[in-house]
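Each chain, letter by letter, is given below.
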Amino acid sequence: MMGYENQTYEESHLYASKEEMESLVLDDDSSNGAHRFSDPLSSSSLPFAEIPTEQSQSPNSSFNSILEPPSYAEAIFRSFDADHSSPEVNGGHDHSIASPSSSPSSSSEFLSISVSDPQKEQELSNSLVPGGTTYVTYLITTRTNLPEFDGTEFSVRRRFRDVVTLSDRLAESYRGFFIPLRPDKSVVESQVMQKQEFVEQRRAALEKYLRRLAAHPVIRRSEELRMFLEAHGKLPLVRTTDVASRMLDGAVQLPNQIFGETAGGMVDANEVAQPAKGGRDLLRIFKELKQSVANDWGGVKPPVVEEDKELLEKKQKLQDFELQLSNVSQQAEALVKAQQDIGETTGQMGLAFVKLTKFETEQAVYDSQRTRAADMKNVATASVKASRLYRELNAQTVKHLDKLHEYLGVMLAVKNAFSDRSSALLTVQTLLSELSSLKSKIEKLEAASSKIFGGDRSRIRKIEELRETLGVTEDAKNSAVREYERIKVNNKNELERFEKERHDDFLGMLRGFIVNQAGYAEKMANVWETVAEETSGYAKHGMTAWLVGTTTMEALAFGSMCGLNFLSNSNLSFTSWFCATSFAGMSAYTSRSSSSILSPSSRGNLPLSQGGMVSASKLTMETLN
Amino acid sequence: MNTTSPRSPSSQAPFLSVSVTDPAKMGNGVQACISTKSSPKTNLPEYQGHEKIVIRRYSDFVWLHDRLFEKFKGIFIPPLPEKSTVEKFRFSAEFIEMRRQALDVFVNRIASHHELRQSDDLRIFLQADEQTMDRARFQETGIFKKKPADLIQIFKDVQSKVSDVVLGKEKPVEESTPEYEKMKSYIFELEDHLAEAQKHAYRLVKRHRELGESLSEFGKAVKLLGTCEDDALGKAFSELGAKSEIISIKLQKEAHHLLMHFEEPLKDYVRAVQSIKATIAERATAFKKQCELAETIKFKEIDLNKYRLTRSEKLAEAEREYEMLKAEGEEASRRFDTIVRLMNEEIIRFQEQKTSDMGLAFHEFAKGQAWLANGIADAWRSLLPKLEACSS
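Residues numbered from 1 in each chain as written. Chains lettered and ligands numbered in written order. Predicted model: local features only at pLDDT ≥ 70, side-chain atom pairs only at ≥ 80, totals over all residues. Heavy atoms only, no water.

Trainee: Which parts of the structure should I look at to understand the overall build of chain A?
Mentor: Tallying secondary structure elements over chain A gives 15 helices and five strands in all. Classification of the 625 residues of chain A by burial places 51% in the buried group. Summarising the internal contacts of chain A: among those between residues at least 6 apart in sequence, 73% fall at separations of at least 24. Accessible area of chain A: about 29400 Å², with a carbon and sulfur share of 55%. (Helix = DSSP H or I, 4+ residues; strand = E, 2+ residues; numbered from the N terminus. Buried < 20%, exposed > 50% of the residue type's maximum accessible area, 1.4 Å probe, protein only. Contact = heavy atoms within 4.5 Å. Areas by Shrake-Rupley, 256 points an atom, 1.4 Å probe, with all protein chains shown as cover.)

Trainee: Help me out: how do you make sense of the overall build of chain B in this one?
Mentor: Across its full length, chain B holds 10 helices and five strands. In chain B, buried positions account for 53% of the 392 residues. Within chain B, counting contacts between residues at least 6 apart in sequence, those at least 24 apart form 74% of the total. When the accessible area of chain B is evaluated, it comes to approximately 18400 Å², of which 55% is carbon and sulfur surface.

Trainee: Looking at this model, I keep getting lost on the packing of aromatic side chains. Mind explaining?
Mentor: What describes a pair of aromatic rings is the distance from one ring centre to the other and the angle between the planes of the rings. The full count for this structure, using the stated rule, is 22 aromatic pairs over all chains. Through successive ring pairs, a cluster of aromatic residues spans A:F178, A:F321, A:Y407, A:F418, A:F498, A:F506 and B:F237. One cation-aromatic arrangement involves A:R159 over A:Y135; the distance from NZ or CZ to the ring centre is 3.6 Å. (Phe/Tyr/Trp six-rings, centres within 6.5 Å; stacked < 30°, edge-to-face > 60°. Lys NZ or Arg CZ within 6 Å of the ring centre and 35° of its normal.)

Trainee: I'm lost on the sheet that holds strand 3 (residues 153-159) of chain A in this one. Help?
Mentor: Adjacent strands of a sheet pair through backbone hydrogen bonds, lying either parallel or antiparallel. All names here are of chain A. If you walk across this open sheet you meet the three strands as 1-2-3, and the pairing is antiparallel. The sheet is open, and its two borders are formed by strand 1 (111-122) and strand 3, each paired with just one other strand. The average undirected angle you get between the axes of adjacent strands in this sheet is 20°. Here 10 bridges tie strand 1 to strand 2 (residues 134-144), and the two strands are oriented antiparallel to one another. Counterpart to V115 in the pairing with strand 2 is I140. Lying over the sheet, helix 7 (residues 196-215) contacts strand 1 and strand 2, oriented at roughly 145° with respect to strand 1. Against the sheet, helix 8 (residues 223-230) engages strand 1, strand 2 and strand 3, with an angle of about 90° to strand 3. (Pairing = 2+ DSSP bridges. Axes fitted to C-alpha atoms, helices over the stretch in contact; angles between N-to-C directions.)

Trainee: Hey, could you run me through the UniProt feature "coiled-coil region" (unreviewed entry) in chain B in this one?
Mentor: The positions that UniProt labels "coiled-coil region" (unreviewed entry) are, in the present scheme, residues 308-335 of chain B. In this annotation, residues 308-335 of chain B is assigned 89% helix and 0% strand; the end-to-end C-alpha distance for the span is 31 Å. (UniProt positions renumbered as here; feature names shortened; annotations may be inferred.)

Trainee: I keep staring at empty space enclosed by the protein and nothing clicks. Help me out?
Mentor: If you roll a probe as big as a water molecule over the atoms, it shows you where there is empty space left. As enumerated under the stated definition, the model contains 11 cavities of 30 Å³ or more in all. Put simply, the largest cavity is a space of about 220 Å³. Residue lining of the largest cavity: 18 residues in total, with A:Y390, A:Q517, A:M524, B:L211 and B:I376 positioned closest to the centre. Within the lining of the largest cavity, the residues separate by chemical class into 15 nonpolar, three polar and no charged. (1 Å grid on protein atoms, 1.4 Å probe; cavity = no way out; pocket = protein on both sides within 12 Å on 5 of 7 lines; lining within 4 Å. Points joined across faces, edges and corners; volume = space filled by probe spheres on them. Nonpolar A, V, L, I, M, F, W, Y, C, P; charged D, E, K, R; others polar.)

Trainee: What is the right way to read a positive patch on the surface from this model?
Mentor: All names here are of chain A. There is a patch of like positive charges on the surface, built from K441, K444, R457, R461 and K462. The set of elements that each furnish at least two residues to the positive patch consists of helix 13 (367-451) and helix 14 (457-534). It is helix 14 that contributes the most residues to the positive patch, three residues altogether. Within the secondary structure, K462 sits in helix 14. (Patch = residues over 30% accessible without salt bridge, like charges linked within 9 Å, V, L, I, M, F, W, Y side chains within 5 Å. Salt bridge = Lys/Arg side-chain N within 4 Å of Asp/Glu carboxyl O. Lys, Arg positive; Asp, Glu negative; His and termini not counted. Charge placed at Lys NZ, Arg CZ, Asp CG, Glu CD.)

Trainee: Would you mind going over the side chain of A:E230 with me for this structure?
Mentor: Residue and element names in this part refer to chain A. Following the sequence through the fold, E230 ends up in helix 8. A polar contact of 2.7 Å, which involves the side chain of E230, links it to the side chain of R226. Among residues more than four places away in sequence, those in contact with E230 are F149, D150, G151, F154 and V156. (Polar contact = N/O pair within 3.5 Å; in protein donor to acceptor, adjacent residues only side chain to side chain.)

Trainee: Would you explain unusual backbone geometry in this entry?
Mentor: Note on backbone geometry: most residues besides glycine have negative phi, and most peptide bonds are trans. Residues and elements named next belong to chain A. Phi at D117 takes a positive value of approximately 55°, unusual for a residue other than glycine. Residue placement: D117 occurs in strand 1. Taking relative accessible area as the criterion, D117 reaches 35% and is therefore assigned partly exposed.

Trainee: Please explain the nonpolar core as it appears in this structure.
Mentor: Across soluble globular proteins, you tend to see nonpolar side chains buried next to one another. Counting residues in each nonpolar core, the largest one holds 112 residues, and the members touching the most others are A:F353, A:F498, A:F506, B:F218 and B:F262. Elements that contribute at least two residues to this core include exactly helix 12 (309-363), helix 13 and helix 14 of chain A together with helix 7 (178-226), helix 8 (231-310), helix 9 (314-381) and helix 10 (384-390) of chain B. If one sorts the elements of this core by residue count, helix 8 of chain B sits on top with 20 residues. Setting aside chain neighbours within four positions, we find A:F506 in contact with A:F321, A:L325, A:L404, A:Y407, B:L225, B:E229, B:L233 and B:F237. A:I113, A:Y138, A:L206 and A:M227 belong to the second-largest nonpolar core, a separate cluster that totals 31 residues. (Core = buried A, V, L, I, M, F, W, Y, C linked by side-chain atoms within 4.5 Å.)

Trainee: Looking at this model, I keep getting lost on the pattern of salt bridges. Mind explaining?
Mentor: Where side chains of opposite charge bring their charged atoms close, a pairing between them can arise. One pass over the structure, following the stated rule, counts 64 salt bridges over all chains. The partner of A:K355 in a salt bridge is B:E196, with the nearest N and O atoms 3.2 Å apart. Placement of the pair is A:K355 in helix 12 and B:E196 in helix 7, with the two residues belonging to separate chains. Salt-bridge contacts for B:D104 lead to B:R100; the nearest nitrogen and oxygen are separated by 3.7 Å. With a gap of four residues between them, B:D104 and B:R100 both fall in helix 3 (residues 93-112), about one helical turn apart. Overlapping salt bridges, with partners in common, bring together A:D150, A:E223, A:R226 and A:E230 in one network.

Trainee: Quick question: what am I supposed to make of the confidence of the model for chain A here?
Mentor: Should the pLDDT be low somewhere, the predicted coordinates at that spot are not to be read in detail. All names here are of chain A. The predicted model of chain A has a mean per-residue pLDDT of 69, with 56% of residues at 70 or higher. Per-element confidence in chain A is highest for helix 12, whose mean pLDDT is 93, and lowest for strand 4 (residues 581-582), whose mean pLDDT is 25. In the model, residues 1-105 has pLDDT below 50 throughout and makes 205 contacts with residues more than four positions away in sequence or in other chains. In the predicted structure, residues 242-267 sits below a pLDDT of 50 and forms 21 contacts with residues beyond four places in sequence or in another chain. (pLDDT = per-residue confidence, 0-100.)

Trainee: I'm lost on the packing of helix 8 of chain B against helix 9 of chain B in this one. Help?
Mentor: Each packed pair of helices is defined by two parameters, the angle between the axes and the distance between the axes. Residues and elements named next belong to chain B. Contact pair helix 8 / helix 9: the axes reach a minimum separation of 8 Å and the direction vectors enclose 170°. Comparing their axes, helix 9 and helix 8 come out roughly antiparallel. Crossing hand, helix 8 versus helix 9: left-handed. Residue composition of the contact of helix 8 with helix 9, grouped by class: 37 nonpolar, 11 polar and 18 charged. (Parallel < 35°, antiparallel > 145°, perpendicular 65-115°, else oblique. Left-handed = near helix turned anticlockwise from the far one by under 90°.)

Trainee: It is not clear to me how the environment of B:K306 should be interpreted in this structure. Could you clarify?
Mentor: All names here are of chain B. Note on placement: K306 falls in helix 8. Residue classification places K306 among the partly exposed positions, given a relative accessible area of 46%. Separated by 212 residues in sequence, K306 and E94 have C-alpha atoms that sit 70 Å apart.

Trainee: Sorry if this is basic, but what is going on with the confidence of the model for chain B here?
Mentor: Residue and element names in this part refer to chain B. Of the residues in chain B, 78% reach a pLDDT of 70 or more, and the chain-wide mean stands at 82. Strand 3 (residues 33-38) is the least confidently modelled element of chain B, averaging 48 in pLDDT, while helix 7 averages 95, the highest of any element. Throughout residues 1-14 the model reports pLDDT below 50, and contacts reaching past four residues in sequence, or to other chains, amount to 29 contacts. When the criterion is pLDDT under 50, residues 28-36 qualifies, and its contacts beyond four places in sequence or with other chains add up to 34 contacts. Among the prediction metrics, the complex's ipTM stands at 0.85, with pTM recorded as 0.71.

Trainee: Where do I start with helix 7 of chain A in this structure?
Mentor: Every α-helix carries 3.6 residues per turn, so stepping three or four residues along brings you back to the same face. The end-to-end C-alpha distance of helix 7 of chain A is 29 Å, a good match for the 28 Å that 20 residues give at a rise of 1.5 Å each. Every buried residue belonging to helix 7 of chain A is among A:F198, A:V199, A:R202, A:R203, A:L206, A:E207, A:Y209, A:L210, A:R211, A:L213, A:A214 and A:A215, and all of these are buried. (Expected span 1.5 Å × (residues − 1).)

Have a look at this one:
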């Protein structure tokens, strides 16, 4: 099959040796789930492995997960490619090699990050609290060949606060992009913060986050990320100051702003490019709020219209998608639980039969008991095997369906990106309103002033001031419009990327899920078919199940069914053999019956089987000889 | 082919075949129960002529069971399915089917047991008209029917005696040959093991159903998600949803199959062991009676000799009583010996029967699971070509 060959090509292309394959498997374990863009093996040392092709990613990771239990791989191989008998990925395949699609530009670039080695460190006593607090730092190790970075392998220590800073800065610089969400801050006591489990969870979450950033084609090249990963010592990114301190700063400026004085309070065009926040922008917030209210009430129609009908449609579609995704994600969880349950119960039943087998074997007085114990053992073993298979199946299922959860996270990033756009638009609209109100003020003043011969000194001065403000505001508006357009472009590009990646990721997820299910189902079928074989002697032709004629010690011969159960008793006494004889007229029971196997007088006179039990009789004949 | 084994019956050997079919509700409320048709095809002389169809209710089966239990002490009477106390469940299709199957097995086991099949009660059960049957049933209830409380007490006695012997305490009126003790403790322990296995088997049925349901829900959700995707991928999702539904149905099927052909046989096994416990109790009672009579006879002998020596007038009377007691004692011994003999035969039959019953149950279990697994594998596999179409 094409897809399969595709996969194996990638595999053999990527993994030069079995060893690497093993280490691959381990890495996949530690990386805890497939990743969107860069590979699940970011911390491995394989240069090939980082092919950031969407196509190869998910099949990659799913294939990788398929490989983990070798027995399963066997099943996959056998079922999907009858020609290839080798269970090894690398060996014996010489099918035509289809080349995987790969994104043209970045075929050999990689940026792989790992987070490890959490350590407690003491806070320098800057604070008023004596004794200081402790916090945890993590070792961030990067390996890359991207030109933006100074080195190819390096490490830094960062604490969670730094990650928050990084995330905030990225949000500011990359408005309109679908930026992966950082792990939550946790509002817990410091005691919990230091617990092993919590630290490990956080470490894993950080790793996931950084890898997602590294997988984003634009953000991976950002200066912010580079500094975070590379710059030693204190993180040289400015922390966004908290609102309170900014309020204090801004309070100084506020009177000027409120009263319209712009001298000394020149509006920085760049600032316009930022969304209003903090105390300094108090006025701006007021204005934008007013504007948004005006918008809502349909008052002044904003000259800049959110023109993209298409975008609105897209937004609606995305909303639908998110809803359905969330639903599937929930059902997936339930499915996983049900799979887990059935596996557990199968295992428990198997163990119960193991105990029964042991019991019967130890207590056996009659051979029929020993036979039954042997049968039971087969069933018990098969049940335990099946239980194990369910467990493996489920572990893989979780990995595949994890994509759904991941995309729920992506949807949050999408929402952020769209709200970037909305707020940028709001800024533009606010400035436009401002412009228009300034203009009308000027008009009024000019009209009034013109009535006075010679001009009105104070009014003229006013007009000039307003004109200045107008100019500045005009610049600000242009800057805001530029920013808005920029964000729109980002949205569009990201949306395209998102759609494509989603398509590929989901395709991979489906394939992985299906291959996984099919493979394990096959394995289980094999297990049970063997037992069915082993117990086939008991089979009746569609009559009332489990009704057997009773034997007594007397001449009536019908009783147990023929089975191919024989014990290790090598002298093959007839007590250990059942044989089938067809028995005319016994329609209520079975079309077969057996000779009384316990009766010694049947020795030497073993009836041959009739009907479908040719093989049994053959075996009988052979062993009799 | 070759049927010359001396053990294989000739084609003229008598056979009796019963089928219990067409369960139907009769009446409503607490009195309602299940009626069934028995249609024995036989050429045993008593059952001469062809098929006979009668309608019976659950309590008729109970009557038959109790009569046989009374009359054939020592034989492990085939067990009955329990009376269900949960109203709602009592008329569910599944319960009715489970019961019908169990009753069918019950009657056929009786009909194929060399001794039991000869009982008059069976004949009444299989052939008498409804009124006769009703009359017989009303007559017998209350007289022979042991109250459950009694049975429980007997079981407790037997159980405590088993443990007493194990602990080394001596109880005078209890047979305690090592072989029999072994058999008794085997039976008691077997019941525990079987009950556990059956419990898990029942749970396994439920798990199949639950997995089926959740897969069906998952499939529906996936289908909806597919509507958000483009053509090819959306179709793939839709197919996944469809297959999930198909597999869900298979799971429900297998759940039912598991219930009827694996869990129920296990349950039947448990009941059979409980039936043996009832016989063990009977044997204990018979033994006790025999011992008590022996004791009484001894005392009577002493009295007799006393009377002989004193030439008392009571001698004749005493001699008569003595003779009666001796006869009773012989009868009690005979009864006890019969029970012992029968039990020895029965235990062999039981073990053989259970080996085939379970062998078949295991086979059905494995077959069903294999069928399910293959069905699942096929269903999923059939999706892959459609997926390939998407990845261009």
